[in-house]
Amino acid sequence: MSHGSLEHSDSNVEAQATDAPLVPKSLVEQAIEQVKEKFETAIEDIKKHVGETTVYIKRENIADVCRFLRDDPSFQFNLLSDLTGVDRGIEEDPRFEVVYHLTSLPKRTRLRLKVRVSEEDCHVPTVVGVWPTANWHERETFDLMGIRFDGHPDLRKILTPDDLEGHPLRKDFPLRGY
Amino acid sequence: MSKVLEYSPTKTFEQQVRETALDSNITVSMGPQHPSTHGVLRLEVVLDGETVVNTIPDIGYLHTGMEKIMETKKYQQNITITDRMDYLNPMGNNLGYVMCIEKLLGIVDDIPERAKTIRVMLVELQRIASHMVWLGTHALDIGAMSMFFYCFREREKILNIFEAVCGGRMTVSFFRVGGLPYDIPDFVPGLVKEFCDNFPNALKEYDTLLTGNKIFQNRTRGVGIITAEDAIAWGVTGPSLRGSGIDYDVRRYDPYCGYENYDFDVPVEKDGDVFARYMVRMRELRESHKIVKQTLKRLEPGPVKADTPKVCLPDREVMLNQMDALIHHFLLAGLGFTVPPGEAYHAIEGSKGEYGVYIISDGSENPYRVHVRGPSFVNLQALPMMAKGEMIADTVAIIGSLDIVLGEIDR
């Protein structure tokens, strides 16, 4: 069974029945505008779906954008809830995405950032300097997906056995291993 | 510290340790088989006498590739896999996963009231059961062995309730996308009420045994302190974060499943040490007990599945008598329902912290990618910082206070 498309339409989410939004959408919109002002070329794309906003950021800007979002007093995205990788498919280019889930405890907002990474040039700057919790998340993404994080202090395998070669969560790694 | 490393998938532990240890330090491997590391966790502890210089956790002994398996199974089949992640909080895991799919389908508002009330009741009972294991094992590690038996006595009652509801004590797989698979038996609210009536006595016993106990306080006060800023920076959530003064509870921050209708407090302590985390969880037991009593009052007869025949299996009598229900059953059981393409992240307050589920769907019957943010995985990262400078016996107390479950860490 072939996978359907991963892309989804830019649906306006007010019409969809979900839980009440955390804050008026304007805070996330403000954050996106400020990022656009400070880093002109950083934002590649913005997608909205089921009440959540995803912003695609260029690889070289990700650490600075994250630091800005964490430190700016109007947003204060001080908790990195999750950092993970996605394999979009062997034929896709760019093949991988690194997904960051940001949470602002004082402002009750969540935001998702994504960085697209191609297979040949499979590395992303680390955000360990912004949120130390990214350490193990990036190690897990490296271990399971094979995306390297430049500047990470201790990039080594974390979940798979030491003698396992390859990156199990990639789509071309068989379910039962080699 | 931030130099780019040469490519090496593993740096041996000896290398890591050599960089941090002096010649006079001993390196001890605690685990992976150890009575006090709460699962198959290996801690490489560098010791200067009895004092811990550095701790390097080594995880992955329980890694079973659950996220990869979930990509090859239907959405409903994956509910059984989520049971096994935090195996002390399966109801919570199921809820997080199922609610993420409901968010993607857009049917969150269609879940009937009775289903939501029962979901809250079972999840809060599960939270009490999970904290019973925490309390029993934590006290056991510190030396108060009889607490273990007292706690498991209450836990037995809750597991009996779960067995009456769904047939399973640990692998419950009870929630479905759209509500519950079937209604709970008539005698279950009576069992829950009986449990709720007796629980305050048990709590009094625990307080008598531990809270004022001088030995317990000496072992836990001032041990393993983590400040609020460090906790947020390291991603610590749940009771471990609330023990440091931050009142972040996903049930309050972003209410789901009707939690905004219940009257409960979010306990917060200021000190950030093991005793503060202990007090937070003890008070959480009381709050969960309050919520369960409120759900008993709110329980009204009604449907337990959303009115979405393309997603929920029809009831058995309806399926046996109506043709369209039979067709729906055939398609749902054989092929499974599809979720429109998209992605969603939904977090619930698991017993250990923020339990987040991130699902990417591609329009087929299997999810394209499922990632579970296990709170214990993130909380364990903070252990080396908390254990630095403490005695090795305190490390045991700190691990207990973090309340880690290896199934969630390793997945």
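Note that the structure is a prediction, hence the values are computed from the model and not measured.

(A) Inspection of the overall build of chain A at higher detail. Scanning chain A from N- to C-terminus turns up 3 helices and 7 strands. Moving toward the C terminus, one meets the helices and strands of chain A in the order α-β-β-α-β-β-β-β-α-β. Of all 178 residues assigned to chain A, the portion counted as buried reaches 41%.

(B) View of the sheet that holds strand β4 (residues 342–349) of chain B. Residue and element names in this part refer to chain B. Pairing is antiparallel in the open sheet, where 3 strands are placed in the order β4-β5-β6. In this open sheet, the two edge strands, each paired with only one partner strand, are β4 and β6 (369–373). Neighbour-to-neighbour, the strand axes of the sheet open up by a mean angle of 10°, direction not taken into account. Sheet analysis places strand β5 (residues 354–361) next to β6, joined by 5 bridges and oriented antiparallel. Looking at β6, one finds that Val357 is bridged to Val372. Packing against the sheet, helix α4 (residues 90–105) makes contact with β4 and β5, and its axis sits at approximately 145° to β4.

(C) Examining helix α6 (residues 146–166) of chain B more closely. Residue and element names in this part refer to chain B. The terminal C-alpha atoms of α6, which comprises 21 residues, lie 31 Å apart, in line with the 30 Å expected from a rise of 1.5 Å per residue. Along α6, the residues classified as buried are Met147, Cys151, Glu154, Arg155, Ile158, Ile161, Phe162 and Val165. At its buried positions, α6 is contacted by α5 (113–142) and α7 (188–211). Phi for Gly167, located one or two positions after α6, is positive at around 90°.

(D) A look at the packing of α7 of chain B against helix α12 (residues 274–298) of chain B. Residue and element names in this part refer to chain B. Where α7 contacts α12, the axes come no closer than 10 Å and their chain directions differ by 165°. In terms of orientation, α7 and α12 fall into the roughly antiparallel class. Note that α7 runs across α12; the crossing there is left-handed. Facing Pro189, Val192, Lys193, Cys196, Phe199, Leu203 and Thr211 of α7, the residues of α12 in contact are Met282, Leu285, Arg286, His289, Val292, Lys293 and Leu296. In terms of residue class, the contact of α7 with α12 is made up of 9 nonpolar, 2 polar and 3 charged.

(E) Examining helix α1 (residues 26–38) of chain A more closely. Residues and elements named next belong to chain A. Counted at 1.5 Å a residue, the expected span for α1 with its 13 residues is 18 Å, and the 18 Å between its end C-alpha atoms agrees. Among the residues of α1, those classed as buried are Val28, Ala31 and Val35. Projection of α1 onto a plane perpendicular to its axis shows the buried side chains occupying an angular sector of 55°, all on one side. Away from the buried face of α1 by more than 90 degrees, exposed residues Ser26, Glu29, Glu33 and Glu37 are located. Its buried side turned inward, α1 meets β1 (43–49), β2 (52–57), α2 (62–71) and β5 (109–117).

(F) Highlighting the packing of α5 of chain B against helix α17 (residues 392–402) of chain B. All names here are of chain B. Remark: α5 packs on α17, axes separated minimally by 9 Å, with the N-to-C direction vectors making an angle of 175°. With respect to each other, α5 and α17 are oriented roughly antiparallel. Residues Thr137, His138, Asp141 and Ile142 of α5 lie in contact with α17, whose contacting residues are Val396, Ala397, Gly400 and Ser401. Across the contact of α5 with α17, the residue classes tally to 3 nonpolar, 4 polar and 1 charged.

(G) Structural view of the domain arrangement of chain B. Residue and element names in this part refer to chain B. According to the domain assignment, chain B contains domain 1 (13–58) and domain 2 (66–410). Measuring from the centre of the C-alpha atoms in domain 1 to the corresponding centre in domain 2 gives 31 Å. Of the residues lining the interface, 15 residues belong to domain 1; the matching set on domain 2 comes to 17 residues. The element that contributes the greatest number of residues to the side of domain 1 that touches domain 2 is strand β3 (residues 51–58), accounting for 6 residues. Of the residues that constitute the side of domain 1 that touches domain 2, the class distribution is 7 nonpolar, 7 polar and 1 charged.

(H) Expanded view of unusual backbone geometry. Residue and element names in this part refer to chain A. With an omega of 5°, the peptide bond running from Asp93 to Pro94 counts as cis. Of note, Pro94 is situated in the loop between β3 (79–87) and β4 (96–104). Here Val50, not a glycine, exhibits a phi torsion of approximately 40°, which is positive. Note that Val50 resides in the loop between β1 and β2. Here Gln76, not a glycine, exhibits a phi torsion of approximately 55°, which is positive. Tracing the backbone through its elements, the reader meets Gln76 in the loop between α2 and β3.

(I) Inspection of the nonpolar core at higher detail. Residues and elements named next belong to chain B. Ile101, Ile359 and Ile398 are the most contacted members of the largest nonpolar core, which totals 152 residues. It is α5 that provides the largest number of residues to this core, a total of 15 residues. Mapped onto the domain boundaries, this core takes at least three residues apiece from domain 1 (13–58) and domain 2 (66–410). Setting aside residues up to four positions removed in sequence, Ile359 forms contacts with Cys100, Ile101, Leu104, Glu343, Ala344, Pro367 and Val370.

The rules behind these values
Residues numbered from 1 in each chain as written. Chains lettered and ligands numbered in written order. Predicted model: local features only at pLDDT ≥ 70, side-chain atom pairs only at ≥ 80, totals over all residues. Helix = DSSP H or I, 4+ residues; strand = E, 2+ residues; numbered from the N terminus. Buried ≥ 20, exposed ≤ 12 C-beta atoms within 10 Å, placed from the backbone. Pairing = 2+ DSSP bridges. Axes fitted to C-alpha atoms, helices over the stretch in contact; angles between N-to-C directions. Contact = placed C-beta atoms within 7 Å. Expected span 1.5 Å × (residues − 1). Parallel < 35°, antiparallel > 145°, perpendicular 65-115°, else oblique. Left-handed = near helix turned anticlockwise from the far one by under 90°. Nonpolar A, V, L, I, M, F, W, Y, C, P; charged D, E, K, R; others polar. Arc of directions from axis to C-beta. Domains from an automatic or database assignment. Core = buried A, V, L, I, M, F, W, Y, C linked by C-beta atoms within 7 Å.

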